[in-house]
Protein chains: 2
Amino acid sequence: MSIEIKISLNEGIYLKDPQDSPLGRNIIKHSILLIEDVGFEAFNFKKLAQEINSTEASIYRYFENKHALLIYLVSWYWAWVSYLIKINTMNIDDPKKKLEIIINSFVLASMDNPSNDYVDENKLHSIMISEGTKAYRTKGVDEENGKGFFKNYKELITMVAGVILDIAPTFEYPYTLASTLFEMSNDQLYFAKHLPRLTDIKEKENKYAEVEKMLNYITAKLLY
Amino acid sequence: MSIEIKISLNEGIYLKDPQDSPLGRNIIKHSILLIEDVGFEAFNFKKLAQEINSTEASIYRYFENKHALLIYLVSWYWAWVSYLIKINTMNIDDPKKKLEIIINSFVLASMDNPSNDYVDENKLHSIMISEGTKAYRTKGVDEENGKGFFKNYKELITMVAGVILDIAPTFEYPYTLASTLFEMSNDQLYFAKHLPRLTDIKEKENKYAEVEKMLNYITAKLLY
DNA sequence: TTTTTTATGATAGTATTACTATTATTTTGA
DNA sequence: TCAAAATAATAGTAATACTATCATAAAAAA
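How each quantity is defined
Residues numbered from 1 in each chain as written. Chains lettered and ligands numbered in written order. Predicted model: local features only at pLDDT ≥ 70, side-chain atom pairs only at ≥ 80, totals over all residues. Heavy atoms only, no water. Near = heavy atom within 4 Å. Polar contact = N/O pair within 3.5 Å; in protein donor to acceptor, adjacent residues only side chain to side chain. Helix = DSSP H or I, 4+ residues; strand = E, 2+ residues; numbered from the N terminus. 1 Å grid on protein atoms, 1.4 Å probe; cavity = no way out; pocket = protein on both sides within 12 Å on 5 of 7 lines; lining within 4 Å. Points joined across faces, edges and corners; volume = space filled by probe spheres on them. Nonpolar A, V, L, I, M, F, W, Y, C, P; charged D, E, K, R; others polar. Least-squares fit on C-alpha atoms with pLDDT ≥ 70 in both. Contact = heavy atoms within 4.5 Å. Axes fitted to C-alpha atoms, helices over the stretch in contact; angles between N-to-C directions. Parallel < 35°, antiparallel > 145°, perpendicular 65-115°, else oblique. Left-handed = near helix turned anticlockwise from the far one by under 90°. Buried area = accessible area lost by both parts, 1.4 Å probe. Salt bridge = Lys/Arg side-chain N within 4 Å of Asp/Glu carboxyl O. Expected span 1.5 Å × (residues − 1). Buried < 20%, exposed > 50% of the residue type's maximum accessible area, 1.4 Å probe, protein only.

### As for the protein's contact with DNA strand C
Move 1: Around DNA strand C, 16 residues are found, and the nearest of them are S54(A), R61(A), Y62(A), E56(B) and Y60(B).
Move 2: Restricting attention to atoms of DNA strand C within 4 Å of the protein, one finds that 63% of them are sugar or phosphate atoms.
Move 3: For DNA strand C, a phosphate oxygen lies 2.4 Å from a polar atom in the side chain of S54(A).
Move 4: Within the side chain of R61(A), an N or O atom sits 2.9 Å from a base oxygen of DNA strand C.
Move 5: For the surface near DNA strand C, the leading source of residues is helix α3 (residues 56–60) of chain B, giving 3 residues.

### Describing the layout of surface pockets
Move 1: Here the largest pocket defines a volume of roughly 650 Å³.
Move 2: What lines the largest pocket is a set of 32 residues, and nearest its centre among them are E41(A), F40(B), H67(B), K134(B) and T138(B).
Move 3: Elements with a minimum of two residues in the lining of the largest pocket: α4 (66–89) of chain A together with α4 (66–89) and α7 (141–146) of chain B.
Move 4: Examining the composition of the lining of the largest pocket, we find that 4 residues originate from one element, α4(B), more than from any other.
Move 5: Taken together, the residues of the lining of the largest pocket break down into 10 nonpolar, 9 polar and 13 charged.

### As for the relation of the copies chain A and chain B
These two copies of the chain differ by a rotation about an axis and a displacement along the same axis.
Move 1: Take chain A, turn it by 180°, move it 0.0 Å along the axis, and it overlays chain B with an RMSD of 0.0 Å. Accordingly, the operation relating the two chain copies is best matched by a two-fold axis.
Move 2: Looking at the interface residues of chain A, 100% of them are also at the interface in chain B, so both copies use one shared face.

### Digging into the protein's contact with DNA strand D
Move 1: The full set close to DNA strand D counts 16 residues, and N44(A), E56(A), Y60(A), S54(B) and Y62(B) are the nearest of them.
Move 2: Counting only the atoms of DNA strand D that lie within 4 Å of the protein, the sugar and phosphate share comes to 59%.
Move 3: Separating a base nitrogen of DNA strand D from a side-chain N or O atom of E56(A) is a distance of 3.2 Å.
Move 4: No other element matches the 3 residues that helix α3 (residues 56–60) of chain A contributes to the surface near DNA strand D.
Move 5: For the surface near DNA strand D, the class distribution of residues is 4 nonpolar, 7 polar and 5 charged.

### So, the packing of helix α9 (residues 174–194) of chain A against helix α9 (residues 174–194) of chain B
Geometry of a packed helix pair, given as the angle between the helix axes and the separation of the axes.
Move 1: Contact pair α9(A) / α9(B): the axes reach a minimum separation of 10 Å and the direction vectors enclose 130°. In terms of their interaxial angle, α9(A) and α9(B) are classed as oblique. In terms of crossing hand, the pair formed by α9(A) and α9(B) is right-handed. Counted together, T176(A), S179(A), T180(A), E183(A), M184(A), D187(A), Q188(A) and F191(A) of α9(A) and T176(B), S179(B), T180(B), E183(B), M184(B), D187(B), Q188(B) and F191(B) of α9(B) form the full contact between these two elements.
Move 2: Grouping the constituent residues of the contact of α9(A) with α9(B) by class yields 4 nonpolar, 8 polar and 4 charged.

### Comments concerning the interface of chain A and chain B
Move 1: On the chain B side, the residues contacting the 50 residues of chain A number 51 residues.
Move 2: Between chain A and chain B, a total of about 4500 Å² is buried, with carbon and sulfur atoms accounting for 56% of that surface.
Move 3: Put simply, chain A and chain B have 3 salt bridges between them.
Move 4: Between K213(A) and E172(B) there is a salt bridge whose closest N-O contact spans 4.0 Å.
Move 5: Viewed at the interface, chain B and chain A are joined by 30 residue pairs in polar contact (both at pLDDT 80 or more).
Move 6: Looking at the side of chain A that touches chain B residue by residue, the classes come out as 21 nonpolar, 12 polar and 17 charged.

### A word on helix α8 (residues 151–167) of chain B
Move 1: Compared with an ideal rise of 1.5 Å per residue, which puts 17 residues at 24 Å, α8(B) spans 25 Å between its outermost C-alpha atoms and is within 8% of the ideal.
Move 2: Restricting attention to buried positions, one finds in α8(B) the residues N152(B), Y153(B), K154(B), L156(B), I157(B), V160(B), A161(B), V163(B), I164(B) and I167(B).
Move 3: Elements that come into contact with the buried residues of α8(B) comprise α9 of chain A together with α4, α5 (95–108), α7, α9 and α10 (207–223) of chain B.

Here it is as structure tokens:
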């Protein structure tokens, strides 16, 4: 028995809510597996259709194109991390402790607590690390931002910035620090794996713990 | 009269050195203009050929594909920033002052000092901001890294990490901080322009100065 | 249950992209 | 001035990113 969380995502991202049908959920599930496997550039709806024994045309009824699907996945991730943080900080008052939990959620995201049976949060995290920024680094950002496609990211950052300000009310860069912690977490994990000379994090079992420690150290220096 | 710097880039990136011929230099020049204009996804060799009154086939003699061309541009940028830092810190001994110059070079990169007549460093910087990470966020990273395609980035970061260690020999994260300063500079400028709720930097004339100030503040807190 | 609606599948087709190949022409430079 | 190299012109192919149409199956409404 799994906890069923219905993640709330901006309706404009999809043509038809994939959470509402078996085919839709299959699209999400296997798009994560396939993007992880072949990378976003080589990923396409034809290959995805083959994986799930469906057709290109059927997938196009859910998403306008693979870019929209990526925004969907990334938004799911942002929403999922927000959710994780919310439940894990629910009974916590100390904002310093809260920020530690936030950092832990940025770095580990999924290690535990799979929310449902069609989204593998672990794999989704690794897509986030390699492909995440491609969701908003496009010519269409401004238009898509206008339609609210990145709302989940902004909400997450706003929440984190709030905690930062609770710790240090006069700190001048709460939003910058919040987005930097998120981006750093992904960047440094990516570098550890692929471009190790750009980071001090070593590609080992405990690299997540190392990144966590590093981010905690940095925030402590900046805020305490 | 312009200073002619021959930027040294890994030979594997191109099939034929574009710096050595008028067509090659034209390819570089107009690829920068065109990518800035239409974005990397919509950019292709056919459009580029039209811009320079040449042909697709001719461009393919210089670069295997548009991805290789992006790596070339990004490597140019990394090499250019390294060069800028080198000449601007040449007579400086104080590593703190050096790091300030490094940060200034990360943020402004080009504002002054155009090195030659076919690379517009200003536009190249803005490509770096929007498209830069796409050069190494691909399925081929490991293979390309093996061929030394990202050497210029690593050299830049190694140099900066060295300065960081000169300031604070016991600091545990010199490489992480170096790459973070570089990435933050680009990310925060991008956010200021397109996703302002993710940053404290305001999209104004002096946003570069703001980012510079912010990065100096952060490094000071972490290292001094 | 029957009918109607909706979702999906099967198939086909188009425009664009990302190349490769071939031959002609121009440029360079020995 | 002749040979070699670089570029242009042209054509062609396989894959991609869709769109359209119609058949069928499943779900919902009557």
